[in-house]
Amino acid sequence: MRNVAADNAKFILIILVVFGHLLETKVSSSQMLTDIFKTIYSFHMPAFIMLAGLFFNTKNNIKKTYNNIIVPFIFYNLLYELILFASAKTLSYYTLVLSPAWIMWFLYSLAIWRLITPTFLKIKYPFVISVVISLIACNFNFIGYPLGLSRTLTFFPVFLFSVLYKDIIFKSFSFKYRALSLIAFILLLAGVYFSDIDYRIWFGSRSMSTLGYDALSGALLKLATLMVSILLSILLFTLIPRKNLPTTNFGGNTLHVYLAHGVIIKILSFAGIFTLLFDKFGEVYFSIIMAVFAVVISITLSMRFIKNINEYIFKFIQLKQ
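Residues numbered from 1 in each chain as written. Predicted model: local features only at pLDDT ≥ 70, side-chain atom pairs only at ≥ 80, totals over all residues. Heavy atoms only, no water.

So, the environment of proline 126
Working step 1: Tracing the sequence through the fold places proline 126 in helix H7 (residues 126-137).
Working step 2: Between the C-alpha atoms of proline 126 and leucine 182, which are 56 residues apart in sequence, the distance is 31 Å.
Working step 3: The contacts of proline 126, once residues within four sequence positions are left out, are Phe120, Leu160 and Leu164. (Helix = DSSP H or I, 4+ residues; strand = E, 2+ residues; numbered from the N terminus. Contact = heavy atoms within 4.5 Å.)

Some points on empty space enclosed by the protein
Working step 1: Summed over all chains, the structure comprises 3 cavities of 30 Å³ or more.
Working step 2: As a volume, the largest cavity reaches approximately 90 Å³.
Working step 3: Within the residue set of the lining of the largest cavity, elements represented by two or more residues are helix H8 (149-164) and helix H11 (215-239).
Working step 4: Here the element with the most residues in the lining of the largest cavity is H11; it accounts for 4 residues.
Working step 5: Class assignment of the residues belonging to the lining of the largest cavity gives a composition of 5 nonpolar, 3 polar and 1 charged.
Working step 6: Looking at the second largest cavity, its volume works out to about 60 Å³.
Working step 7: Surrounding the second largest cavity, Ser99, Pro100, Trp105, Gly144, Tyr145, Gly148, Leu149, Ser150, Arg151 and Ser205 form its lining.
Working step 8: Per-element tally for the lining of the second largest cavity: the top contributor is H8, with 3 residues.
Working step 9: Looking at side-chain class alone, the lining of the second largest cavity contains 4 nonpolar, 5 polar and 1 charged residues. (1 Å grid on protein atoms, 1.4 Å probe; cavity = no way out; pocket = protein on both sides within 12 Å on 5 of 7 lines; lining within 4 Å. Points joined across faces, edges and corners; volume = space filled by probe spheres on them. Nonpolar A, V, L, I, M, F, W, Y, C, P; charged D, E, K, R; others polar.)

Quick word on the packing of helix H6 (residues 105-120) against helix H12 (residues 254-270)
Working step 1: Viewed as axis vectors pointing N to C, H6 and H12 meet at an angle of 130°, and their least axial separation amounts to 10 Å. Viewed along their axes, H6 and H12 adopt a mutual orientation that is oblique. Touching Trp105, Phe106 and Leu107 of H6 are Leu255, Tyr258 and Leu259, all from H12.
Working step 2: Taken together, the residues of the contact of H6 with H12 break down into 6 nonpolar, no polar and no charged. (Axes fitted to C-alpha atoms, helices over the stretch in contact; angles between N-to-C directions. Parallel < 35°, antiparallel > 145°, perpendicular 65-115°, else oblique.)

Brief notes about helix H3 (residues 44-54)
Owing to its 3.6 residues per turn, the α-helix brings residues three or four apart onto one side.
Working step 1: Burial within H3 is extensive, with 10 of its 11 residues counted as buried.
Working step 2: When we look at burial in H3, the residues that qualify are His44, Met45, Pro46, Ala47, Phe48, Ile49, Met50, Leu51, Gly53 and Leu54. (Buried < 20%, exposed > 50% of the residue type's maximum accessible area, 1.4 Å probe, protein only.)

Here's the deal with the confidence of the model for the protein
Working step 1: In this model, the protein carries an average pLDDT of 93, and 99% of its residues clear a pLDDT of 70 or more.
Working step 2: Ranking the elements of the protein by mean pLDDT puts helix H5 (residues 93-96) last with 84 and helix H13 (residues 273-301) first with 97. (pLDDT = per-residue confidence, 0-100.)

Looking at the packing of aromatic side chains
Working step 1: Tallying each qualifying case throughout the model produces 32 aromatic pairs.
Working step 2: Considering the side-chain rings of tyrosine 93 and tyrosine 94, the 6.5 Å spacing of their centres and the 65° angle between planes classify their relative orientation as edge-to-face.
Working step 3: Over the ring of phenylalanine 281 we find lysine 280; its NZ or CZ atom is 5.8 Å from the centre of that ring. (Phe/Tyr/Trp six-rings, centres within 6.5 Å; stacked < 30°, edge-to-face > 60°. Lys NZ or Arg CZ within 6 Å of the ring centre and 35° of its normal.)

Have a look at this one:
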């Protein structure tokens, strides 16, 4: 039986994921877009990662990870590489550094988290150890895009937190004092929005030294952003509708939205559509148009036929259940 609140959360989050990637096309052209962008990134992927950890279990883990995560990753990673190659007529930076292509980092990292979590669950203080590893890793320049190491290590504590403390997440969906949660959520988001720290910190894809921080300040800031991301995610969950909505069923298909939305964005970006819209309407109306477009893309790609197409393709390389 599916969890209604979790499905509602997934659909809201996938809209934010799509919206963030749409804004990314022009984020370097506008401080306002940068501020909105970093605010979204402070919690939307951590919240998604927490939901992934919430429903993790070790039963048939390897087979499920291969069929549900690795197979979609293989197909779409190749597809994104082909799109990037068709545009640039050369191998992408991702391929050159052996990194997952663009948004495919999430599936790549998720597969690794699922495979290493059973080992971490057997040791003492697994969450603390994962945080320490993340803080140490953030200061090494070679831990970045190559092999997807930086994001994998940066966000592993978020995944592990959700696995270890499922009760906290489930209880957050039924938290009674939602007005207090809303106030705290808004205040914390405002703090992120008006902060002057480098927005790329929220990506988790670069070492802190490459962003201009020394070892100590970099580690402390990384720890602070990690805690803020977890807190924002939990506060968001307390605000999620708990009843069936017209869009609730879409929450079960967010993987397919995540996989395919980047194809639309890349094609439109290469065609110059986003630059055209930004130049014509300016940053405010551009952001509104992108928000509406994000909803349209998310609903469209949540349709059953998209899932059917993907499942038909994936079944040729999946293991039999």
